[in-house]
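Okay, here's what each chain looks like letter by letter:
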Amino acid sequence: MAHPVRALPDAGGAPGGSSGGVPAAAGRALRGFWALILPTSCVGCGRQDTSLCRPCRRAFRRATVRPFRAEAGAGSLPLRDPAALETRTGAPPGAGDAGGGFEPLPVVAAGIYGGVVARALLAFKNAGHTDLARPLAAALGGALLAARAGLPAGPCLLVPVPTRGRSLRRRGYDPLGLLLDGLRRRGELPAGSRLARPVGHRHPGMRAGGRSAGIPWFAAARRGGQKGLGRRGRQENVAGSMRVRRRYRGRLQGVQCLVVDDVLTTGATLAEAVRALRAEGAAVAGAVVLAATPPPSGTELAYSEFRRNRRGEG
Ligand SMILES: [Zn+2]
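Notes on the structure in this doc start here. All chains use their own residue numbering, which begins from 1 and follows the written sequence. In keeping with the model being predicted, local features are shown solely for residues with a pLDDT of at least 70 and side-chain atom pairs are shown and tallied solely at 80 or more, while totals for entire chains, interfaces and linings include all residues. Side-chain metrics rest on all non-hydrogen atoms present in the structure, leaving aside hydrogens and water.

### Some points on the overall build of the chain
- Per the convention used, a helix needs a DSSP run of H or I reaching at least four residues, while a strand needs a run of E reaching at least two, with both numbered from the N terminus. Within the chain one finds 11 helices and 8 strands.
- Across the 314 residues in the chain, those meeting the buried criterion constitute 48%.
- Two residues form a contact once any of their heavy atoms are found within 4.5 Å. For the chain, restricting intrachain contacts to residue pairs at least 6 apart in sequence, the fraction spanning at least 24 positions comes to 79%.
- A 1.4 Å probe and the Shrake-Rupley method give the accessible areas. Residues count as covered only by the protein chains that appear here. As presented, the chain carries roughly 14,600 Å² of accessible surface, and 54% of it is formed by carbon and sulfur atoms. Relative accessibility decides the category of a residue: with a 1.4 Å probe and only protein chains considered, values under 20% of the type maximum give buried, values over 50% give exposed, and everything between is partly exposed.

### Some remarks on the environment of Arg202
- Within the secondary structure, Arg202 is located in the loop between strand E5 (199–201) and helix H8 (216–222).
- Along the sequence, Arg202 and Gly240 sit 38 residues apart, while their C-alpha atoms lie 7.9 Å from each other.
- Residues within four places of Arg202 in sequence aside, it is in contact with Gly240, Ser241, Met242, Arg243 and Arg275.
- Counted as a polar contact is a pair of N or O atoms within 3.5 Å, where, for protein atoms, one must be capable of donating a hydrogen and the other of accepting one, and residues adjacent in sequence contribute only when both atoms are in side chains. Within the local environment of Arg202, its side chain forms a polar contact with the backbone oxygen of Gly240, the two atoms lying 2.8 Å apart.

### Topic: the nonpolar core
- Residues grouped as a nonpolar core are buried Ala, Val, Leu, Ile, Met, Phe, Trp, Tyr and Cys residues, joined through side-chain atoms within 4.5 Å. Membership of the largest hydrophobic core comes to 39 residues, with the highest contact counts inside it found for Leu136, Leu140 and Leu144.
- Secondary structure elements with two or more residues in this core: helix H2 (54–64), strand E2 (107–112), helix H4 (115–126), helix H5 (133–149), strand E3 (156–160), helix H7 (175–185), strand E7 (256–264) and strand E8 (283–292).
- Per element, the largest residue contribution to this core is 8 residues, and it comes from H5.
- With residues up to four places along the chain from it excluded, the contact list for Leu144 reads Leu158, Leu180, Leu183, Leu189, Pro190, Val260 and Val288.

### What to know about the packing of H5 against H7
- What counts as an axis is a line fitted to C-alpha atoms, over the stretch in contact for a helix, and the angles between N-to-C directions run from 0 to 180 degrees. Packing of H5 against H7 leaves a shortest axis separation of 9 Å and a crossing angle of 75°. The orientation of H5 relative to H7 falls into the category roughly perpendicular. Contact residues: Ala133, Leu136, Ala137, Leu140, Gly141 and Leu144 in H5; Leu176, Leu179, Leu180 and Leu183 in H7.
- Here the term charged refers only to Asp, Glu, Lys and Arg, the term nonpolar to Ala, Val, Leu, Ile, Met, Phe, Trp, Tyr, Cys and Pro, and the term polar to all other amino acids, Gly among them. Grouping the amino acids of the contact of H5 with H7 by side-chain chemistry returns 9 nonpolar, 1 polar and no charged. Each angle gets one of four labels, with under 35 degrees taken as roughly parallel, over 145 as roughly antiparallel, 65 to 115 as roughly perpendicular, and the rest as oblique.

### Description of the coordination of the zinc ion
- Protein coordination at the zinc ion comes from Cys42 (SG), Cys45 (SG), Cys53 (SG) and Cys56 (SG), with a distance range of 2.2 to 2.3 Å.
- The rule for donors is simple: an N, O or S atom within 2.8 Å of the metal counts, and for Na, K and Ca the reach is 3.2 Å. Water is not among the atoms, so a site may look short of donors. Sequence positions of the donors to the zinc ion reduce to the motif C-x2-C-x7-C-x2-C.

### Quick word on the sheet that holds strand E4 (residues 193–195)
- Think of it this way: DSSP has to see at least two bridges between two strands before they count as a pair. Read across the open sheet, the 6 strands follow the order E1-E2-E8-E7-E3-E4; overall the sheet is mixed. Two strands bound the open sheet, and with one partner strand each, they are strand E1 (68–69) and E4.
- Where E1 lies against E2, 2 bridges are found, and the strand directions are antiparallel. For Arg69, the partnering residue across the bridge sits in E2 and is Val108.

See below:
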């Protein structure tokens, strides 16, 4: 029942992001523009003339240097792949396993989404602070290494959750792609892993009032990304929104994958990427995020587990 380990398909697209839409040169120009007009002040403390001052850089590093298992409290995550579990433990799915085979997909996070970690990530994603890419990439790289270390030997495909065309056009760059491409260029991806972008949006160019307006998730997606939506809303917003790109179809059977995203909230976005990959027979072993939001208040049990995982995985 174990998946055979297969050779990995070629990494997709041009360096700098195959998410499509904005030519690399235009992205660079826009980034340069942001660097010119933005007043530089530390995203952590407001100190002038630096995006992340030395003390805040140290605080950021302290908050992201010990990757931890973050799936507790993310109620929309898919289940762990039973075949991947079998490979890992050498036992049939569920045998001798406290979760009875019904465990959520393992997710490794570099840090908790809050404080200087959240501020750096937001400034990087939404305010053009691409000069924060290095510390953010270092955090993500550490989480990738930790996640990779927990997987069986053999090749592993790192699959970023796709950026929406709208977000790409608005920002002029793909934040997650920028971090991952940087790690790849510097040779800082885990050994035996490769970066590829087999998953895309089903309607990458959707616009408000477009011909897809009758599709329920589209109506929700028009209002923006996942921000501000509850667990149910997030699930409905993304369900069925992604698919494996045509050139990767028939080439992912049995390929071990780790899905990568920036922030874990309910897990609905990761779940949709995992669904698309598994529909093509990929063996999705887990996910990696830069930061995970703590579970919402009222789920004390889940939160104590969250804290325990954080300590345990250190
Ligand atoms: Zn500072």
